Amino acid sequence: MKIFFGTDLTLDKNNDRMDGEDFVVERLPEWQEKALESSATALDGLQAKAKLPLPLRILYYVCGFAAIILFVSIFRALTEVPLQQAYANAPVLFWIVPVTAAIWGGLALVARQRKQKIEQSDEAKAALQKSEALMKECYETLGVPKNAADMDVLCGQYRVKDGKVVNKPVATYTFINTALKVFVQDGALCFADINQKFAIPKDALSCIRTVNKAISLPTWNKQKHFGEAPYDKYKLSANRYGYSSKPYYALCIRTEPGVDYELYFPCYELPIIQKLTGLSPIE
């Protein structure tokens, strides 16, 4: 058993080859890959320019942390002694809090103005337009239809133990949800990122298996909020670390005797896979 878009660490803990690469049918030419790298470097440079210089970023966090800690300390003291006595005991603290808070707030304002100035600059607009045009050209090179759907697939690391797949969490997340283009083309279910296209023959798709377990994901890739239709019915939840959903699904793939794959995807992508494959989930 192999996991499509997964990395098998069973025999090599340093393995970085993703399962499913045998299904790649199209890759970008080298010149286009270099153009993508150049565009990404330009955008990264603009993001770096939009940030405060490192010393000011350090000062921002130090002042913010100090203001909060000192404010809490003063608040606790005021629950035990009157204001006049608390001030007499530590007058410096009463001056440090507003000073650090003012510096923190001032730097936050400067950072926001700096970011807005960069984002609204002609340089940034030109770089973004160039990047969008380049991505469009890359998808055209790979033969991705304009009406291809955006779909999250679940990527991660795993081991095979006693014939069973054991997922290895990535940081605090069960999987990383990666957005790809998905479509049917020439009798195959195809997935594409900006660099390559995978094609799985439709006659190799055997079923959709339901995995009745909760998973944690780092990002939400959809334009609509997860609490809005059509995603509200899946009852996703969120916290400061990411998102949770249950269940997830495995698209079962059989290409030849003894070689089986499962492609994992979250519950909110089931309608897309059902539409493109004609399959329904089984327990």
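Since the structure is predicted, the reported quantities are computational estimates derived from the model, not experimental observations.

1. Remarks on the side chain of Asn177
Note on placement: Asn177 falls in strand E6 (residues 176-185). A relative accessible area of 4% places Asn177 in the buried class. When near neighbours in sequence (up to four residues on either side) are disregarded, Asn177 contacts Asp152, Val153, Leu154, Leu217, Pro218, Thr219, Asn221 and Tyr268.

2. Focus: the sheet that holds strand E1 (residues 2-4)
Spatially, five strands are ordered E1-E14-E13-E9-E15 in an open sheet, and the strand pairing comes out mixed. With partners counted over all chains shown, the strands left at the sheet margins are E1 and strand E15 (281-282), one partner each. Relative to strand E14 (residues 259-266), strand E13 (residues 248-256) runs antiparallel, the two being bridged by eight bridges. Looking at E14, one finds that Tyr249 is bridged to Phe265. Running at roughly 160 degrees to strand E9 (residues 205-211), helix H6 (residues 270-277) makes contact with E9, E13, E14 and E15 of the sheet.

3. Notes on the packing of helix H2 (residues 54-78) against helix H4 (residues 91-119)
Viewed as axis vectors pointing N to C, H2 and H4 meet at an angle of 140 degrees, and their least axial separation amounts to 8 Å. With respect to H4, the axis of H2 lies oblique. Note on packing geometry: the crossing formed by H2 with H4 is left-handed. Contacts from Leu56, Leu59, Tyr60, Cys63, Gly64, Ala66, Ala67, Leu70, Phe71 and Ile74 of H2 reach H4 at Leu93, Phe94, Ile96, Val97, Thr100, Ala101, Ile103, Trp104, Leu107 and Ala108. Looking at side-chain class alone, the contact of H2 with H4 contains 18 nonpolar, two polar and no charged residues.

4. A few points about H4
Over its 29 residues, H4 extends 43 Å from the first C-alpha to the last, a length consistent with the 42 Å expected when each residue adds 1.5 Å. For H4, the secondary structure elements touched by its buried residues are helix H1 (30-50), H2 and helix H5 (122-141).

5. Quick look at the sheet that holds strand E12 (residues 242-245)
On the basis of which strands lie adjacent, the open sheet formed by three strands has the order E10-E12-E11 and antiparallel pairing. The open sheet has two edge strands, strand E10 (215-217) and strand E11 (237-239), and neither has a second partner. Shown here is a sheet whose adjacent strand axes are inclined to one another by a mean of 25 degrees, direction ignored.

6. As for the packing of aromatic side chains
Counted under the stated rule, the structure contains 19 aromatic pairs. Between Trp220 and Tyr243 the ring centres are 6.2 Å apart and the planes differ by 40 degrees, which places this aromatic pair in the tilted class. Highlighted residues: Trp220 in the loop between E10 and E11 and Tyr243 in strand E12, separated in sequence by 23 residues. Among the residues examined, Trp220 registers a relative accessible area of 16% and is labelled buried. An aromatic cluster is present here, built from Phe4, Phe5, Phe23, Phe191, Phe198 and Tyr261 joined pairwise through their rings. Between the NZ or CZ atom of Lys181 and the centre of the ring of Tyr139, over which it lies, the distance is 5.6 Å.

Criteria and cut-off values
Residues numbered from 1 in each chain as written. Predicted model: local features only at pLDDT ≥ 70, side-chain atom pairs only at ≥ 80, totals over all residues. Heavy atoms only, no water. Helix = DSSP H or I, 4+ residues; strand = E, 2+ residues; numbered from the N terminus. Buried < 20%, exposed > 50% of the residue type's maximum accessible area, 1.4 Å probe, protein only. Contact = heavy atoms within 4.5 Å. Pairing = 2+ DSSP bridges. Axes fitted to C-alpha atoms, helices over the stretch in contact; angles between N-to-C directions. Parallel < 35°, antiparallel > 145°, perpendicular 65-115°, else oblique. Left-handed = near helix turned anticlockwise from the far one by under 90°. Nonpolar A, V, L, I, M, F, W, Y, C, P; charged D, E, K, R; others polar. Expected span 1.5 Å × (residues − 1). Phe/Tyr/Trp six-rings, centres within 6.5 Å; stacked < 30°, edge-to-face > 60°. Lys NZ or Arg CZ within 6 Å of the ring centre and 35° of its normal.

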